[in-house]
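Architecture and fold: a report
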Amino acid sequence: MLKGLDPLLSPELLATLRAMGHGDEIAIVDGNYPGVEDARRLIRLDGHHLIPVLNAVLSVLPIDDFVPEAIFRSTVKAERDKLDPVHEEMIDCCARHEPHRQVVPLVGQDFYGRVRAAHALIQTSEPRLYANIILRKGVIYPKEPGTQAAEVDPFVY
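Residues numbered from 1 in each chain as written. Predicted model: local features only at pLDDT ≥ 70, side-chain atom pairs only at ≥ 80, totals over all residues. Heavy atoms only, no water.

Some words on the packing of helix 3 (residues 50–58) against helix 4 (residues 85–97)
This is how the line gets drawn: With axes taken as lines fitted to C-alpha atoms, and helix axes fitted only over the stretch in contact, angles between N-to-C directions fall between 0 and 180 degrees. The helix and strand labels rest on DSSP assignments: H or I over at least four residues marks a helix, E over at least two residues marks a strand, and numbering proceeds from the N terminus. Here roughly perpendicular refers to angles of 65 to 115 degrees, roughly parallel to angles under 35, roughly antiparallel to angles over 145, and oblique to all remaining angles. For a crossing to be left-handed, the near helix must be turned anticlockwise from the far one by less than a right angle; the clockwise case is right-handed. Every residue pair with non-hydrogen atoms within 4.5 Å of one another is taken to be in contact. When residues are grouped by polarity, Ala, Val, Leu, Ile, Met, Phe, Trp, Tyr, Cys and Pro land in nonpolar, Asp, Glu, Lys and Arg in charged, and all others, Gly among them, in polar.
Contact pair helix 3 / helix 4: the axes reach a minimum separation of 10 Å and the direction vectors enclose 20°. If you check the angle between helix 3 and helix 4, you find them roughly parallel. The way helix 3 lies across helix 4 gives a crossing that is right-handed. Between helix 3 and helix 4, the contacting residues are Leu-50, Ile-51, Leu-54, Asn-55 and Leu-58 on the first element and Val-86, Glu-89, Met-90, Cys-93, Cys-94, Arg-96 and His-97 on the second. The class makeup of the residues in the contact of helix 3 with helix 4 is 8 nonpolar, 2 polar and 2 charged.

A short note on unusual backbone geometry
Inclusion rule: Note on exposure labels: buried denotes an accessible area under 20% of the residue type's maximum, exposed denotes more than 50%, and partly exposed covers the range between, all computed with a 1.4 Å probe on protein chains only.
One non-glycine residue, Lys-77, lies in the positive phi region at around 50°. Looking at the element boundaries, Lys-77 is found in the loop between strand 3 (71–74) and helix 4. Look at Lys-77 and you get exposed, because its relative accessible area is 61%. The backbone of Tyr-130 shows a phi angle near 60°, a positive value even though the residue is not glycine. With respect to the element layout, Tyr-130 can be found in the loop between strand 5 (120–124) and strand 6 (133–136).

Overview of helix 1 (residues 11–19)
What counts is decided by this rule: This arc is built from the directions going out from the helix axis to the C-beta atoms.
Those residues of helix 1 that sit buried are Leu-13, Thr-16 and Leu-17. Within helix 1, the buried residues cover an arc of 95° as seen down the axis, which keeps them to one side. Exposed residues lying more than 90 degrees from the buried face of helix 1 are Pro-11, Arg-18 and Ala-19.

Overview of the environment of Gly-31
Inspection of the secondary structure assignment puts Gly-31 in the loop between strand 1 (25–29) and helix 2 (35–38). A relative accessible area of 41% places Gly-31 in the partly exposed class. Each C-alpha atom, one on Gly-31 and one on Ala-131, is 8.8 Å from the other, the two residues being 100 residues apart in sequence. Once residues lying within four places of it in the same chain are set aside, the contact partners of Gly-31 are Gln-123, Thr-124, Ser-125 and Glu-126.

Read these as geometric descriptors, not functional statements.
Structure representation (structure tokens):
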């Protein structure tokens, strides 16, 4: 356990999030998703629902602001604009962390192709259908000159 970190952020997940670079994507998927088949790197978080995992990931992952769209959700079949309750919860969770970003619906193969290309896939035990989301990693900006510096300089030994 670490101070200030959600306990859902396992060592494997933290290492994966840290290893991702700007523009890399990570998918968080429901329990029915074919994770073993589609993942380049599979992280299992069995026993956990999607929304708490999404909240934990967004607590540490910067979202890409170099592109107009950086958060994507699956759709109910081909119904691009239909929102199941889980989609509304995903949108609300993302809005708490990234209030200026939209969650973009991707239909069928557009979504699945993006998952297969993602840096990693987090498989949850979420029982609700179409509970899948993709996050594109952004950057951490350096401190502006004149702002208070960090208490510990990681480059001083």
